[in-house]
Amino acid sequence: MRDTCRSRVLESALALALVERRGSGHVDARDRMVRYLERHRSSGGLMDAAVAAAALGRGGHPSPHQALEGVVSCVPDFARTRKRALVHAIFTMLGVANACDDGDSRAFDASALHPWAAVQAVAVKAILAAGKAPVARDDVSLLVSTQFLETVWEGNLFIHLSVLHALVDVPGMESIVDNGLRTAFMHQREDGGLPFVTDTDTWCTVVAGLALCSAGAPPEALHRIAGHLVRVQHANGGWSYTDRAQLSDTDCTTVAVEFLHQLDADAYRDPIRRAVDALIAVRGADGGFPTYGSGTPSEACMTAAAINALSTQGRHPHVIQAALRFLADRQMPDGSFPPGWSGSRLHTLFRAYLATRPHHRRSPLAVHGMSSRIAGLVRITQNADGGFGQQKDAPSDAISTAYALIILAGQPGPAPAARAARYLLTQQRSDGGIVSVPDMLGPRPFPYHVPLLTDAFALLALGHLTRRIRPSSVMRGRRHSSTEPSTTAGDPVAPPCRAPLRQTETTSSSTPTSPAHRVPSNSGIPSPRPGKA
């Protein structure tokens, strides 16, 4: 499932600044970037406005300091020191910040970071030290190791451009920087801008696959999707956001487990088992789960995602209960959670809400209270138009409303869900797609936009809703049950796409309703086999 990651001001500005520093070449690409930045100077938030103004040499408001404070206030506590240094480095790359603005050595400690963050930290250190000291030989070696002809390391253009800025003044690196610029411009979009990443194809595939599963898509199409996922599964059992990357992440791995389990738990038994082992391997000592790699900080959103995936398996009850306790401990008094990888607080809320549902009878009161606070927060934050915004008092947008609708579909009163669905349908275009704001974040808290993800989450939410409504004239010719939504798959929950699952401790609260969707042996769909990294 492929869609283009749209252009972003941040990468476009960094590329423009790098072209200006090199002083020659890429004239057409440069002119197109300038026009892109001119058009988008006022289309984003404080950071985009400040970055575009700096890249275009306009100065004025907002100031880099204003942008800095806005960024730091929107990231998890454990990342704030690094993000402060990162923002200083961004404005240093754009030529409008003093390189000695940030000297906190904790921002450059890469010992406990996953590979992407480690490379970024080293690049930031080199950028902020420019003119004061030469870049250490080991740091140069690490940065150069990410540069390949016509290949963006791990598919991440932001890190790619940061590395080039760190190397641009290092003697002997001229050809490396020029080749890196040419590689970056291979991904320049039609509008003249550059995106955050080359693609998010695997993340799109797992989310869209689960959404299509919930909507009753043809089994042949679903098994084609599953066959692709099996082929790109990493050697360690996980998945990354793109098949261009080697670092697997909890987000993609958990949703892949849910999709494969819902589609055919028997046929995909081996990929599921390997993925579950990969999740258990990164579990933190605190009971939570990180986004990347063992030993990195546990996060609420990823912990909820892991609970949802593990809950499909009927195994690891002690792991799940410890994760639920971690999640309950991270909930804030208003019912929300610390920032995750979405610009909408409702993303973590819907995953956490679903994570609690199969375990009510075995969980402590704190877990019951967590679920109630989530439902209460959602009920009181619905906007007058029926939709939901990314944060408190924000205007409604489609993807936040889809997240909220997943929660509301599990509530006894139908009116809030009906109002949310009505708003969501007003955002649908004639071609079926859903219009919404950028939602995913990377690096946090900078939003990027892949429209297919809005379509997928909206479809998923409507799948939840249709599990709650009785047959009507809208569903002529199909058989539907009015049973409660399935709680066997947490993130996102979807009704089974195949024969009813065997009853286990995680499925005992659900009533299987879907007919069998078995693929005949002569269907031409490849049999599942372990993929390669």
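This one's a predicted model, so the numbers in the text were calculated from it and none came from an experiment.

Reading the values: the criteria
- Residues numbered from 1 in each chain as written.
- Predicted model: local features only at pLDDT ≥ 70, side-chain atom pairs only at ≥ 80, totals over all residues.
- Heavy atoms only, no water.
- Salt bridge = Lys/Arg side-chain N within 4 Å of Asp/Glu carboxyl O.
- Helix = DSSP H or I, 4+ residues; strand = E, 2+ residues; numbered from the N terminus.
- Buried < 20%, exposed > 50% of the residue type's maximum accessible area, 1.4 Å probe, protein only.
- 1 Å grid on protein atoms, 1.4 Å probe; cavity = no way out; pocket = protein on both sides within 12 Å on 5 of 7 lines; lining within 4 Å.
- Points joined across faces, edges and corners; volume = space filled by probe spheres on them.
- Nonpolar A, V, L, I, M, F, W, Y, C, P; charged D, E, K, R; others polar.
- Phe/Tyr/Trp six-rings, centres within 6.5 Å; stacked < 30°, edge-to-face > 60°.
- Lys NZ or Arg CZ within 6 Å of the ring centre and 35° of its normal.
- Axes fitted to C-alpha atoms, helices over the stretch in contact; angles between N-to-C directions.
- Parallel < 35°, antiparallel > 145°, perpendicular 65-115°, else oblique.
- Left-handed = near helix turned anticlockwise from the far one by under 90°.
- Contact = heavy atoms within 4.5 Å.
- Polar contact = N/O pair within 3.5 Å; in protein donor to acceptor, adjacent residues only side chain to side chain.
- Expected span 1.5 Å × (residues − 1).
- Core = buried A, V, L, I, M, F, W, Y, C linked by side-chain atoms within 4.5 Å.
- Arc of directions from axis to C-beta.
- pLDDT = per-residue confidence, 0-100.

Considering the pattern of salt bridges
Here is step 1 of the chain: Counted by the stated rule, this structure contains 17 salt bridges.
Here is step 2 of the chain: The closest approach of N and O atoms between Arg244 and Asp199, which form a salt bridge, is 2.6 Å. You can see Arg244 sitting in the loop between helix H11 (219-232) and helix H12 (250-264) and its partner Asp199 sitting in the loop between strand E4 (194-195) and helix H10 (201-214), a full 45 residues away along the chain.
Here is step 3 of the chain: What makes Arg244 partly exposed here is its relative accessible area of 47%.
Here is step 4 of the chain: For the salt bridge of Arg269 with Asp266, the shortest nitrogen-to-oxygen distance reads 3.5 Å.
Here is step 5 of the chain: A relative accessible area of 52% places Arg269 in the exposed class.
Here is step 6 of the chain: Through salt bridges that share partners, Glu20, Arg30 and Asp31 make up one connected network.

Focus: the layout of surface pockets
By rolling a water-sized probe across the atoms, one finds the places where empty space is left.
Here is step 1 of the chain: Counted as a void, the largest pocket has a volume near 1100 Å³.
Here is step 2 of the chain: As for the largest pocket, its lining consists of 44 residues, of which Gln390, Leu441, Pro445, Phe446 and Pro447 are closest to the centre.
Here is step 3 of the chain: Looking at the lining of the largest pocket, the elements that each hand over two or more residues are strand E1 (7-8), helix H1 (9-22), helix H3 (46-55), helix H4 (64-72), helix H16 (345-356) and strand E8 (447-448).
Here is step 4 of the chain: With four residues, H4 is the single largest residue contributor to the lining of the largest pocket.
Here is step 5 of the chain: Partitioned by chemical class, the residues of the lining of the largest pocket number 20 nonpolar, 17 polar and seven charged.

With respect to the packing of aromatic side chains
Here is step 1 of the chain: Applying the stated criterion across every chain yields a total of seven aromatic pairs.
Here is step 2 of the chain: On the numbers, 5.7 Å between centres and 90° between planes, the contact of Trp116 with Tyr241 is edge-to-face. With a gap of 125 residues between them, Trp116 in helix H6 (residues 115-128) and Tyr241 in the loop between H11 and H12 connect regions that are remote in the sequence.
Here is step 3 of the chain: Each residue in the set Trp116, Tyr241, Tyr292 and Trp341 is aromatic and connected to the rest through ring pairs, giving one cluster.
Here is step 4 of the chain: For the cation-ring pair, Arg444 lies above Trp341, with the distance from its terminal atom to the ring centre recorded as 3.8 Å.

A look at the packing of H1 against H3
Here is step 1 of the chain: Contact geometry for H1 and H3: axes closest at 9 Å, N-to-C directions at 20°. Accordingly, the angle class assigned to the pair H1 and H3 is roughly parallel. Between H1 and H3 the crossing geometry is left-handed. Packed against H1, whose contacting residues are Val9, Leu10, Ala13 and Leu16, the element H3 presents Asp48, Val51, Ala52 and Ala55 at the interface.
Here is step 2 of the chain: A class-by-class count of the residues in the contact of H1 with H3 yields seven nonpolar, no polar and one charged.

A few points about the side chain of Thr291
Here is step 1 of the chain: Its place among the elements puts Thr291 in the loop between strand E5 (289-290) and strand E6 (298-299).
Here is step 2 of the chain: Within the local environment of Thr291, its side chain forms a polar contact with the side chain of Glu299, the two groups lying 3.0 Å apart.
Here is step 3 of the chain: Among the polar contacts listed, one links the side chain of Thr291 to the side chain of Trp341, at a separation of 2.8 Å.
Here is step 4 of the chain: Other than its neighbours up to four places away in sequence, Thr291 contacts Ser248, Asp249, Thr250, Pro297, Glu299, Met302 and Trp341.

A few points about the side chain of Gln233
Here is step 1 of the chain: By secondary structure assignment, the location of Gln233 is in the loop between H11 and H12.
Here is step 2 of the chain: Among the polar contacts made by the side chain of Gln233, one reaches the main-chain carbonyl oxygen of Gly237 at a distance of 2.8 Å.
Here is step 3 of the chain: A polar side-chain atom of Gln233 sits 2.9 Å from a polar atom in the side chain of Arg274.

Let's talk about the packing of helix H14 (residues 300-310) against helix H15 (residues 317-330)
Here is step 1 of the chain: The geometry of H14 relative to H15 is characterised by a closest axis approach of 9 Å and an angle of 150° between their N-to-C directions. Between H14 and H15, the angle falls in the class roughly antiparallel. Note on packing geometry: the crossing formed by H14 with H15 is left-handed. Counting all contacts with H14, which are made through Ala300, Thr303, Ala304, Ile307 and Leu310, the residues of H15 involved are Val319, Ile320, Ala323, Leu324, Phe326, Leu327 and Arg330.
Here is step 2 of the chain: Residues belonging to the contact of H14 with H15 are distributed by class as follows: ten nonpolar, one polar and one charged.

As for helix H20 (residues 451-466)
Here is step 1 of the chain: Its 16 residues place the ends of H20 23 Å apart at the C-alpha level, agreeing with the 22 Å of an ideal helix rising 1.5 Å per residue.
Here is step 2 of the chain: A large share of H20 lies buried, amounting to twelve of its 16 residues.
Here is step 3 of the chain: Packed against the buried residues of H20 are H10, H16, helix H18 (398-408), helix H19 (415-426) and strand E7 (440-441).

Focus: the nonpolar core
Here is step 1 of the chain: In this structure, Ile90, Trp203 and Phe259 are the most contacted members of the largest nonpolar core, which totals 153 residues.
Here is step 2 of the chain: Setting aside residues up to four positions removed in sequence, Ile90 forms contacts with Leu10, Leu14, Met47, Val51, Phe158 and Phe446.

Describing helix H7 (residues 137-144)
Here is step 1 of the chain: The complete set of buried residues in H7 reads Asp139, Val140 and Leu143. Each buried residue of H7 sits inside an arc of 100° when the element is viewed along its axis, so together they form one side. Facing away from the buried side of H7 by more than 90 degrees, the exposed set consists of Arg137 and Asp138.
Here is step 2 of the chain: Tucked into the core, H7 has its buried residues touching H6, strand E2 (147-148) and helix H8 (157-167).

Observations regarding the confidence of the model for the protein chain
Here is step 1 of the chain: When pLDDT is averaged along the protein chain, the result is 86; 86% of the residues meet or exceed 70.
Here is step 2 of the chain: Predicted confidence for residues 499-533 stays below pLDDT 50, and this span has 74 contacts to residues more than four positions away or in other chains.

Notes on unusual backbone geometry
Here is step 1 of the chain: Here Gly442 and Pro443 are connected by a cis peptide whose omega angle stands at -20°.
Here is step 2 of the chain: Backbone geometry places Glu154, a non-glycine residue, at a positive phi of 55°.
Here is step 3 of the chain: Position of Glu154 relative to the elements: it lies in the loop between strand E3 (151-152) and H8.
Here is step 4 of the chain: Of note, Asp393 is a non-glycine position whose phi angle comes to about 65°, a positive value.

Side note on the environment of Val282
Here is step 1 of the chain: Locating Val282 in the fold gives a position in helix H13 (residues 269-282).
Here is step 2 of the chain: Owing to a relative accessible area of 15%, Val282 belongs among the buried residues under this scheme.
Here is step 3 of the chain: In the structure, Val282 is positioned twelve residues away from Ser294 in sequence and 4.1 Å away in space, judged by C-alpha atoms.
Here is step 4 of the chain: Ignoring any residue separated from it by four or fewer positions in sequence, one finds Val282 in contact with Thr250, Phe289, Pro290, Gly293 and Ser294.

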